[in-house]
Amino acid sequence: MQSATQLTLLLCAAWTAALLYGEMGAYWETHLSCSWPSASSSSPSLNNHVKIAVIADPQLMDSTSLGLPASSIVLQAVEFFTDLNMRRSFQSVILPFKPDVILFLGDHFDGGPYMSDEEWQESLFRFKHIFSMSGQRTNPHVPVYYLSGNHDIGYSAFHSPKVISRYEKEFGPRNYHFLSGEVDFVVVDAQTLDGGAKQSKERSSTWEFIKTLSSGNESNPRVLLTHIPLYRPNNTPCGPHRSSPVINQRIYNAPMDQGIRYQNYLSKETSDLLLRLLKPTLVLSGHDHDQCTVVHSTTFGPVTEHTLGTISWQQGNLYPSFMLLSAGPKLSPNSTDFSQEVLTNLCFLPKQTHIYIWYIFQFVITVLLLVFWPKNGLSSLPCMNKFVSFMRSVGTELVSRTKEKDDEEDGEFEMVWDAEGSMHLVKKAVARSPSTNSDSRTTGRGNVVARTTARKHQSEPDSSVLVEMGSETAQEDGGKLPRPSKWNIRKVLQRLFRVVQSIVVIAALNVPLYMMLLFKDWIDR
């Protein structure tokens, strides 16, 4: 019983440690493992840079995600844990970096073009709660910029004036640019660049915006922000940070030239035209849900594009991420090298899927230990007894050798000279006294007692025989012995009761802790 209690307490401590790490420690570790990109010795101090946190594809789940009704308990549970994970990532990892600007690269929702106004408003409320900055005491009014994604307004084949209108009402225009740290960020609605009817209003307005910027001031470095990545040949390597296979181009067009229904990245013609008109230093994109870094060759030099992975652990990426970007001042008025003026660092968030898998694995181990743990602990196992006996024999051997060595060191030596006059140390012989008569008398008394005990034990079998005979007689008279099967059932029930009791104790201590950790991060402070 004492061994079962100790095991229960040990499992309680293991669960407490696992919950504290999985719900808090993993996020602290992630924050400590990342930092703002460092500038080189030739560039200005990083304090002069504008710090921008970049987030891609939150894609809040809704009734269109799993094909379940909005009132489904399963859908609500999935939404809660997905939202909670993104809120923790934002509140515990990203905001502590104290960014000056926050940038979203599109796909804020999952079923944006298909949701009713009521469900869309509910998703918008969740989005604002997840990425709330009310708890940031230093600067709660951080500027936030948004890109439109295909899951927000749809591709060109699904463009609806109503959907676009409600998006722009909450998140602003789909095409615009802003300045941070003397770096010009250009936001384009990539969903309208490739597809749609040739004379569509959305497509025309996007290209007019781009051409207007192309004839403007090019003295500042530019960063192109597009939700859909630019073109790259099939099987193009994506760098060491990608976790899934590279997805090659897929384009699905609607009939009658009504636009695109889906595409992985922009066409080569559109991408080349964008790069030639805007001449960006850096391109940031999302859409793919996984990390990818490619370099585009242009007439004005190579251009690096970073495709960011999703921030959500439910969108097919086991390694969610975000980016820290520093936009700095110009090195000199006539400088054309912008490599040190826009610095990036990709940061990975806790692997939430692995944490939940560990919880399941630890639960299975907990049940197995409680079910198969010996009643008297590990000491009741034959292998454990052999191991303990072996260790005892080793200890006895070491002690005996130590005693012999001590006897040799404690011996007396005398000096002896040989015929040549050399001196030698010779150990004196120690006379051992014979055993005293008292020992023999004690031994004798021991023998006498042993013989007496032996007689006493010899009489015991007789009594046992009598008992057995009596029991047999009682059995013949009609008495019944308990059946072995009943004893086995009783042992199983006792073990089952002990397992349930231990699980209840572990849950009573750790479930309140888990609930406290959940709602600590969910409730606005």
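Below or above, wherever it landed, is the structure these notes cover. Note that the coordinates shown come from a computational prediction; the quantities given were computed from them, not determined experimentally.

1. With respect to the overall build of the chain
Then, in step 1: In terms of helices and strands, the chain carries 12 helices and 15 strands.
Then, in step 2: Counting every position in the chain, which comprises 525 residues, the buried fraction comes to 41%.
Then, in step 3: Across the chain, every contact between residues at least 6 apart in sequence was considered, and the portion connecting residues at least 24 apart equals 73%.
Then, in step 4: For the chain, the exposed area adds up to about 29,600 Å²; of that, 60% sits on carbon and sulfur atoms.

2. Things to note about the state of the cysteines
Then, in step 1: In the structure shown here, the tally under the stated rule is two disulfides.
Then, in step 2: A sulfur-sulfur separation of 2.0 Å characterises the disulfide bridge that pairs cysteine 238 with cysteine 292. Across the S-S bond linking cysteine 238 and cysteine 292, the dihedral sits near -70°, which makes this disulfide left-handed. Placement of the pair is cysteine 238 in the loop between β6 (222-226) and β7 (251-253) and cysteine 292 in strand β10 (residues 292-296), with a sequence separation of 54 residues. Residue cysteine 238 shares its accessibility class with cysteine 292, and that shared class is buried.

3. Quick notes on the packing of helix α7 (residues 201-214) against helix α8 (residues 268-278)
Packed helices, taken two at a time, are described by the angle their axes make and the gap between the axes.
Then, in step 1: Two elements in contact, α7 and α8, have axes whose closest approach is 8 Å; the angle formed by their N-to-C orientations is 35°. Only Thr270, Leu273, Leu274, Leu277 and Leu278 of α8 make contact with α7, whose side of the interface consists of Trp207, Ile210, Lys211, Leu213 and Ser214.

4. As for the sheet that holds strand β11 (residues 303-307)
Then, in step 1: Pairing in this open sheet of six strands is mixed, and the strands run β4-β5-β6-β9-β11-β10 from one edge to the other. For this open sheet the edge positions go to β4 (176-180) and β10, each flanked by a neighbour on one side alone. Averaged over neighbouring strand pairs, the angle between their axes works out to 20° when direction is ignored.
Then, in step 2: Here four bridges tie strand β9 (residues 282-285) to β11, and the two strands are oriented parallel to one another. Each residue of the ladder has a partner; that of serine 285, found in β11, is threonine 307.
Then, in step 3: Packed on one face of the sheet, α7 meets β4, β5 (183-188) and β6 and runs near 160° to β5.
Then, in step 4: Helix-sheet contacts for α8 involve β5, β6, β9, β10 and β11, and the interaxial angle to β6 is about 150°.

5. Here's the deal with the sheet that holds strand β13 (residues 342-348)
Adjacent strands of a sheet pair through backbone hydrogen bonds, lying either parallel or antiparallel.
Then, in step 1: Spatially, five strands are ordered β3-β2-β1-β12-β13 in an open sheet, and the strand pairing comes out mixed. At either end of the open sheet lies a strand with only one pairing partner, and these are β3 (144-146) and β13. Averaged over neighbouring strand pairs, the angle between their axes works out to 20° when direction is ignored.
Then, in step 2: Where strand β1 (residues 50-55) meets strand β12 (residues 321-327), five bridges bridge the pair, whose relative direction is antiparallel. Each bridged residue has a counterpart across the sheet, and for valine 54 the counterpart in β12 is methionine 323.

6. Describing the environment of glutamine 191
Then, in step 1: With respect to the element layout, glutamine 191 can be found in the loop between β5 and α7.
Then, in step 2: Along the chain, glutamine 191 and arginine 261 lie 70 residues apart, while their C-alpha atoms are 9.9 Å from each other.
Then, in step 3: If we ignore the near neighbours within four places in the chain, the residues touching glutamine 191 are Ser148, Gly149, Asn150, Ile153, Gly154, Tyr155, Ser156, His159, His227 and Ile228.
Then, in step 4: Of note is the side chain of glutamine 191, whose polar atom sits 3.1 Å from the backbone oxygen of serine 148.

7. Quick word on the packing of helix α3 (residues 73-94) against helix α4 (residues 117-130)
Then, in step 1: At a minimum axis distance of 9 Å, the contact between α3 and α4 shows a crossing angle of 35°. Taking contact as the criterion, the partners of Glu79, Asp83, Met86, Arg87, Phe90 and Gln91 in α3 are, on α4, Arg126, His129 and Ile130.
Then, in step 2: Here the residues of the contact of α3 with α4 are counted per class, giving three nonpolar, two polar and four charged.

So, how was this worked out
- Residues numbered from 1 in each chain as written.
- Predicted model: local features only at pLDDT ≥ 70, side-chain atom pairs only at ≥ 80, totals over all residues.
- Heavy atoms only, no water.
- Helix = DSSP H or I, 4+ residues; strand = E, 2+ residues; numbered from the N terminus.
- Buried < 20%, exposed > 50% of the residue type's maximum accessible area, 1.4 Å probe, protein only.
- Contact = heavy atoms within 4.5 Å.
- Areas by Shrake-Rupley, 256 points an atom, 1.4 Å probe, with all protein chains shown as cover.
- Disulfide = S-S within 2.5 Å.
- Axes fitted to C-alpha atoms, helices over the stretch in contact; angles between N-to-C directions.
- Pairing = 2+ DSSP bridges.
- Polar contact = N/O pair within 3.5 Å; in protein donor to acceptor, adjacent residues only side chain to side chain.
- Nonpolar A, V, L, I, M, F, W, Y, C, P; charged D, E, K, R; others polar.

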